[in-house]
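# Reading the structure
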Amino acid sequence: MEEGFVMSEEYEVPEGLHYTEEHEWARVLDDGTVLIGVTDYAQKQLHEIVYVELPEVGDVAERMGIVGALESVKAVSDMNSPVSGEFVEVNEELLDSPELVNESPYGDGWYAKLKPSDLDGDLARLMDAAAYREHLEHQEH
Amino acid sequence: MDLRKTHIYAFHEEHGNIVDFGGFAMPVWYEGVMAEHAAVRNSVGIFDTSHMGRSMAEGPDTLEFLNWMMTNDMSRLGQFDGLYTVMLNQEAGIIDDLILYKLGPERFFVVYNSGTREKDFAWFKEHVGGFDVELTDLSDDMAMMAVQGPKAVETVDEVTDEDVTGVRRFGIADVTVAGYPCFVTRTGYTGEDGFEVYVKDCPVRSPDKALEVWGALVEAGAKPCGLGARDSLRLEAGLNLSGQDIHEGINPLEAKLRWVVKFKKEGGFIGREALLRIREEGVERTQVGVGMVGRGIPRHGYEILDGSGEEVIGEVTSGGLAPSLGYGIALGYLPRGFSELGTPVMIRIRKRLAEGKIVKSHPFYDDSVYGWKRDS
C-alpha cells in the first residue's frame, strides 16, 4: 500500500523495542529492568506535550494498566504500561520539561523504569518493530 | 458522513491539521497551539470562523422581534453599534449567546455559534410569525474570520480602504477589505482587541473572495490560528463556550450574565417570567473560575470537590492549561458559599485530587498585562 509506505517513513520505529497497540514502547535493559515510553507516532499525534503525569516509585503496574497521562493543550492521552511490574524509577525531568517527549520519545523522553513481574509473558504479547510498523499503517492518519 | 467545509477550507487543507469540529472540517492548529496562542496575546493572529451562524433581520418590526427573543435591550443601540446578549427558552435556559449589530432602524445583523446555528435559526423562525420581519440565513453566503491581538487593528487597517481604527468596541462598519465589500466588527473571542471580518456575497461553493481576504490578512502579518488556540484564548479570557459552559440547563443568573438581562425593557422577552421566579427563589449555584495551585490540568467533566476533598460540589465545564499563565484553569458551577475568591477546592484528576482555588475568571489573566484593556 502506497499510503502505508509513506506513513512508516513518517514515524520513527526503532528496532529492538517492544510495542503496544496504544503506541507505547518497552526496552529491556541489561540488568533486567524495563524502560517504557511512548512512540514517535504518539508524540506526533499529541503534538506539543505540556504536562506529564508520572506514577510514584513503588507503584505497581498491571500489563496495559493506566499508570499516568501525557497531555497537550487540547488532549489527554492515558499512559499504559506495556509490562507488569513495580516502578523503580520515573523520569522526573518530564515534570519540568514535558517537551522532551516530543524531542526524543525513545531517548530523553522515556517515561519510567520497572522491575518486571512477568517479562516473558508480557513480551510475548507485544509487537516487534516490523509488526508495529504494520500496525501504524492501519491507523487513521 | 462528509464533513462540512468552510470558505477557507482550501487553506486549512494545505497548511492545517484538520479535525471534525461539530461536523465541520476545521484546523485544530497549523504550526502549534502554543505558538498560535502566543501570537494572539503578543501580536496578531487570524481564525476562520465561517462555521459560525450569521443572519440578517429586516423589516418594520425587527427591533420589537429581537427584543422579544433576546434578554438584552436593543432599543438603546445606536446606528452601527452592537451588543452581547443571550437568548432563553420559556424556562429561562440559555439557548445560545449572540451578538447583534444595528445596521439601520429596521435592519440588524445577528451572529451566533456554530454548534447552535441550525437550532437558533429554527427558533427565530418559530417565533417570527406575527412580526413583520424578514430573516435571511447568511451563514453559507458570507465568509467570516477573526483577526485578533494587540496588533490586529493596524493589521486590518493595512488592507482596508477605509480607516477602521475609529470603529468602536462592538461597533460595525461597512468597508472594503482587499478589494471586496465586507463588514468588520470590533469584537472577538480571545479577550484581545481586533476585528471580525465578514466577506459579503461569498458562497461556500465559490470562496475565492474569502480566500483572497484571508491571504491579504496573512500577508499583512496575521498568523493563521486553529481551534486549539481559539479555545485556550477564550478560556483564559473567561468567555463561555455555548453548549458547554452555558446551555439550556443553565440560566443567566447562574452564569453571572445578569448584566445582559433587562427585566424592565418594554414588551418583555421569552423566559422573563421564569427568570423572575428564579431570581425570587435565588440560584443555588453560580459560575466560578478555578486556578490550579498544585500540578495538573483540569478538563471538561472532571469533578470539583470542597477543600477537604470529601464532597463533590460540581464539575468542570471548561478546563485546560492557560498558556499565558502557565497553570491549569477551569470554569464550573459551584454552590453558594464556594464563590469567594481564594476559597480552596480540589479537582479530581484521574485517581488523585489536585489543589485549586477560586480565582477571578473574567478574565483569568491580569487585564493590565493582556487583553484589550491592557496598558499600552
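Residues numbered from 1 in each chain as written. Chains lettered and ligands numbered in written order. Predicted model: local features only at pLDDT ≥ 70, side-chain atom pairs only at ≥ 80, totals over all residues.

The next subject is the overall build of chain A. Across its full length, chain A holds six helices and nine strands. Its C-alpha radius of gyration of 14 Å places chain A within 12% of the 14 Å reference for a compact globule of 141 residues. Within chain A, the fraction of its 141 residues that count as buried is 40%. Once local pairs closer than 6 in sequence are excluded, the contacts in chain A between residues at least 24 apart make up 64%. (Helix = DSSP H or I, 4+ residues; strand = E, 2+ residues; numbered from the N terminus. Rg over C-alpha atoms; globule rule 2.2 N^0.38 Å. Buried ≥ 20, exposed ≤ 12 C-beta atoms within 10 Å, placed from the backbone. Contact = placed C-beta atoms within 7 Å.)

Moving on, we get to the domain arrangement of chain B. The domains assigned to chain B are domain 1 (9–50 + 140–236), domain 2 (54–135) and domain 3 (284–359). One C-alpha centre belongs to domain 2 of chain B, the other to domain 3 of chain B; they are set 34 Å apart. (Domains from an automatic or database assignment.)

On to the interface of chain B and chain A, then. Contact with chain B, which involves 13 residues of that partner, is made by nine residues of chain A. Listing elements by their share of the side of chain B that touches chain A, those giving two or more residues are strand E2 (24–29), helix H2 (33–42), helix H7 (227–236) and strand E16 (312–322) of chain B. Residue classes in the side of chain B that touches chain A are distributed as seven nonpolar, four polar and two charged. (Nonpolar A, V, L, I, M, F, W, Y, C, P; charged D, E, K, R; others polar.)

Attention shifts here to helix H6 (residues 208–219) of chain B. Residues and elements named next belong to chain B. Taking 1.5 Å per residue as the helical rise, H6 with its twelve residues ought to reach 16 Å, and the 16 Å between its terminal C-alpha atoms agrees with that figure. Looking only at H6, the buried set comprises Lys209, Ala210, Val213, Trp214 and Leu217. Around the axis of H6, the buried residues are gathered within 135° of arc, so they sit on the same side. Away from its buried face by more than 90 degrees, H6 exposes Asp208 and Glu219. Trailing H6 by a residue or two, Gly221 shows a phi angle of about 120°, which is positive. (Expected span 1.5 Å × (residues − 1). Arc of directions from axis to C-beta.)

Let's shift gears to the nonpolar core. Met145, Val147 and Val197 of chain B are the most contacted members of the largest nonpolar core, which totals 133 residues. Aside from chain neighbours lying at most four places away, what touches Val197 of chain B is Met145, Val147, Val156, Val177, Cys182, Val184 and Val213 of chain B. (Core = buried A, V, L, I, M, F, W, Y, C linked by C-beta atoms within 7 Å.)

Residue and element names in this part refer to chain A. Within the open sheet, the six strands sit side by side as E1-E2-E3-E9-E8-E5. Their pairing is antiparallel. Sheet topology places strand E1 (18–19) and strand E5 (60–61) at the edges, where each strand pairs with a single neighbour. In this sheet, strand E9 (residues 112–116) lies alongside strand E8 (residues 85–90) in antiparallel orientation, the contact comprising five bridges. Bridge pairing links Gly85 to Pro116 in E9. (Pairing = 2+ DSSP bridges.)

The subject of this paragraph is the sheet that holds strand E4 (residues 49–53) of chain A. All names here are of chain A. Strand order in the open sheet formed by three strands is E4-E6-E7, with antiparallel pairing between adjacent strands. Single-partner strands in this sheet number two, and they are E4 and strand E7 (76–80). Averaged over all pairs of adjacent strands, the angle between their axes in this sheet comes to 25°, without regard to strand direction. For E4 and strand E6 (residues 66–72), the ladder comprises four bridges, and the chain directions are antiparallel. Residue pairing across strands places Tyr51 opposite Glu71, the latter belonging to E6. (Axes fitted to C-alpha atoms, helices over the stretch in contact; angles between N-to-C directions.)

All names here are of chain B. Position of Met142 relative to the elements: it lies in the loop between strand E8 (134–137) and strand E9 (143–148). Residue Met142 is classed as buried on the basis of its C-beta count, with 23 C-beta atoms lying within 10 Å. Sequence spacing of Met142 and Leu321 is 179 residues, and the spatial spacing of their C-alpha atoms is 33 Å. The contacts of Met142, once residues within four sequence positions are left out, are Arg54, Tyr198, Val199, Lys200 and Cys202.

This next bit is on unusual backbone geometry. Residues and elements named next belong to chain B. A cis amide bond links His362 with the next residue in sequence, Pro363, at an omega value of 5°. Here Pro363 lies in the segment after strand E19 (352–359). The backbone phi angle of Ala92 is positive, close to 75°, even though this residue is not glycine. Within the fold, Ala92 resides in the loop between strand E5 (82–88) and strand E6 (94–104).

We now examine the confidence of the model for chain A. Low pLDDT marks regions whose predicted coordinates should not be analysed in detail. Looking at chain A, the pLDDT average stands at 92 and 92% of residues meet or exceed 70. Segment residues 1–8 of chain A is flagged for pLDDT under 50; beyond a separation of four residues in sequence, or across chains, it makes nine contacts in the model. (pLDDT = per-residue confidence, 0-100.)

All names here are of chain B. At their nearest, the axes of H2 and H7 sit 8 Å apart, and the two run at 55° to each other. The pairing of H2 with H7 is recorded here as oblique in orientation. Both H2 and H7 take part in a crossing whose hand is right-handed. Where H2 approaches H7, its residues Val33, Glu36, His37 and Val40 are matched on the opposing element by Gly228, Ala229, Ser232 and Leu233. Residues belonging to the contact of H2 with H7 are distributed by class as follows: four nonpolar, three polar and one charged. (Parallel < 35°, antiparallel > 145°, perpendicular 65-115°, else oblique. Left-handed = near helix turned anticlockwise from the far one by under 90°.)

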